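Now for the letters of each chain:
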Amino acid sequence: MLKNDFLGEDVARLGFGAMRLPVIDGNTEAIDRKQLDEMVDAAIAAGVNYFDTAYPYHGGMSEIALSKSLSRYPRDSYLLATKYPGHQIADTYDPAPIFEEQLKKCNVEYFDFYLLHNIYEASIDVYTDEHWGIADYFVEQKKNGRIHHLGFSCHGRTETLAAYLDYGARKYAELKARDPEAAALFSGNNIMEFCQIQMNYLDWTLQDAASKTTLLEDAGIPIIVMEPLRGGKLANLSTEQMKILDDACDSNAKLSAADWSFRWLQNIQSVKVILSGMSSVGQVEENCRIFQEQHPLTQAQEGALREMAESLKSGVPCTACRYCIDSCPQKIDIPMMLSTFNDMQFDASFTVSMQMDAVPQGQRAADCIACGACTRMCPQGIDVPDTLAKLAATLEKMPKWEDLCRERAKAAAKIRDAK
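Residues numbered from 1 in each chain as written. Predicted model: local features only at pLDDT ≥ 70, side-chain atom pairs only at ≥ 80, totals over all residues. Heavy atoms only, no water.

**Student:** Tell me about unusual backbone geometry, residues and numbers included.
**Tutor:** Here Leu7, not a glycine, exhibits a phi torsion of approximately 55°, which is positive. Secondary-structure assignment places Leu7 in the loop between β1 (3–6) and β2 (9–12). One non-glycine residue, Asn107, adopts positive backbone phi at about 55°. Within the secondary structure, Asn107 is located in the loop between α3 (95–106) and β8 (111–116). (Helix = DSSP H or I, 4+ residues; strand = E, 2+ residues; numbered from the N terminus.)

**Student:** For the packing of aromatic side chains, give the residues involved together with the corresponding values.
**Tutor:** Think of a pair of aromatic rings as described by two things: how far the centres are apart, and how the planes are tilted against each other in angle. Throughout the structure, instances matching the rule amount to 18 aromatic pairs. The interplanar angle of 20° and the centroid separation of 5.0 Å between the aromatic rings of Phe6 and Phe113 together place this pair among those described as stacked. Remark: Phe113 occurs in strand β8 and Phe6 occurs in strand β1; sequence separation between them is 107 residues. Phe113 carries the same exposure label as Phe6, and that label is buried. Aromatic pair Trp204 and Trp264: ring centres 5.3 Å apart, planes at 80°, arrangement edge-to-face. (Phe/Tyr/Trp six-rings, centres within 6.5 Å; stacked < 30°, edge-to-face > 60°. Buried < 20%, exposed > 50% of the residue type's maximum accessible area, 1.4 Å probe, protein only.)

**Student:** Report on the pattern of salt bridges, specifying residues and quantitative values.
**Tutor:** If you walk through the whole model with that rule in mind, you get 30 salt bridges. Across the pair Arg72 and Asp41 runs a salt bridge, and its minimum N-O distance is 2.9 Å. Taken together, the residues Arg72 in the loop between α2 (62–70) and β7 (79–84) and Asp41 in helix α1 (residues 33–46) connect sequence positions 31 residues apart. Between Lys171 and Asp136 there is a salt bridge; the shortest N-O distance is 2.9 Å. Residue Lys171 is located in helix α6 (residues 158–178), and its partner Asp136 is located in helix α5 (residues 134–143); the two are separated by 35 residues in the primary sequence. What emerges from the salt-bridge pattern is a single network uniting Asp203, Arg230, Lys233, Asp343 and Asp347. (Salt bridge = Lys/Arg side-chain N within 4 Å of Asp/Glu carboxyl O.)

**Student:** Describe the layout of surface pockets, with residues and values.
**Tutor:** Each pocket or cavity is described by its volume, and for the largest pocket that value is around 1200 Å³. Forming the boundary of the largest pocket are 47 residues, of which Met19, Arg20, Tyr57, Glu227 and Thr351 lie nearest the centre. At four residues, helix α18 (residues 401–418) tops the list of elements feeding residues into the lining of the largest pocket. Among the residues forming the lining of the largest pocket, the class breakdown is 15 nonpolar, 21 polar and 11 charged. For the second largest pocket, the lining is made up of 26 residues, of which Leu206, Gln207, Asp208, Met336 and Ser339 are closest to its centre. For the lining of the second largest pocket, the secondary-structure elements that each account for two or more residues are α6, α8 (203–206), α14 (334–346) and α15 (350–357). Looking at the lining of the second largest pocket element by element, the count peaks at seven residues for α14. Residues belonging to the lining of the second largest pocket are distributed by class as follows: seven nonpolar, 11 polar and eight charged. (1 Å grid on protein atoms, 1.4 Å probe; cavity = no way out; pocket = protein on both sides within 12 Å on 5 of 7 lines; lining within 4 Å. Points joined across faces, edges and corners; volume = space filled by probe spheres on them. Nonpolar A, V, L, I, M, F, W, Y, C, P; charged D, E, K, R; others polar.)

**Student:** Describe in detail the packing of α1 against helix α12 (residues 281–290), supporting the description with residues and values.
**Tutor:** As a packed pair, α1 and α12 sit with axes 9 Å apart at the nearest point and diverge in direction by 10°. The angle between α1 and α12 places the two elements in the roughly parallel class. Note on element contacts: α12 touches α1 through Val281, Val284 and Cys288, opposite Gln35, Glu38, Met39, Ala42, Ala43 and Ala46. Residues that form the contact of α1 with α12 fall into these classes: seven nonpolar, one polar and one charged. (Axes fitted to C-alpha atoms, helices over the stretch in contact; angles between N-to-C directions. Parallel < 35°, antiparallel > 145°, perpendicular 65-115°, else oblique. Contact = heavy atoms within 4.5 Å.)

**Student:** Break down the pairing of strand β11 (residues 223–226) for me, citing the residues and quoting the values.
**Tutor:** Here β11 shows a buried face lined by Ile223 and Val225 and a second buried face lined by Ile224 and Met226. Note: strand β10 (residues 195–198) against β11, four bridges, orientation parallel. Looking at β11, one finds that Cys195 is bridged to Ile223. Pairing between β11 and strand β12 (residues 271–276): three bridges, direction parallel. Across the sheet, the residue bridging to Ile223 is Val271, located in β12. (Pairing = 2+ DSSP bridges.)

Here it is, written out as structure tokens:
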């Protein structure tokens, strides 16, 4: 199994994500423990040692099921990561009771890696609000040895990621001035020691993962990758798309769609762990096979992958020149909306819908008054009002983030009441 040094830990480059575990009869909260045990056994036998879960996964049951499966092994033989759900919409935020609950649910005394879950446009104000004291609380838990490495995940745009990195650097400077010994526990000049972002060869441009990677590398922050297969969609390419890739390989060295995705990511040195949300023993075995040895893509193969990735995209040819912005009476961030529209053409991702819910009322796609001023300014001749109307219609059909947060809160309360 390929491994590397990640914040002083010898970590397998393939990580086990516990967001899409096997379930019984389609019930997302009824995890198939027998099959999960088999998956964990296969992963550990192949060399996987990083396991990632979160407070809301599987209605709050992922932490419990994964930890029970891992408890069959010595605690120092695996690395366990989970997350604080400050991204969920709530009336109040108190990290202490949730963290204590997580330790009990996982039956551990510490977490190897702990993340602030999904810092994005709507949640960054929660995570940086000193009234809630979220960052300070988890810095204290690291000082107490209950968290070994503190980081965050981010589905936000590049500027949001940059803003939180700046906040983390300021908090580190304050900590160093106040408590030098505590500051020395951190690996760099930021209280956030690592960051988890969505990255794959499609989102390298579609969600600007390239700029996010450069930003993190410049800040000296190592990366964990989530959604390397875009929820499995990049593992199920069409015959025509696979032919583009096959033509770049020797006849006796054809690669699977998953091979292409993972090998592309293996070339990025700042990426320390690539999480895969596996749902079967077969998927575990296939992914572990790919990560047994380093097989970098050739220059010709990288070119073929870029060509094929372009065939996955559809939508409008916005270049983000921003000529349309000043002419919009609603002050809608039109380039951002058009980028979202293009993203949704490939996959109606809930995380993208969540980002749209964070846009202020009055400046959303549905708030377009179809005056046409933007189209008259567009060098590409895009019918912006029509595109925004289509985006608004798609978003209207999708579940609302606020509703999902309420469902997750009910599931968490159900688990607590059952104890």
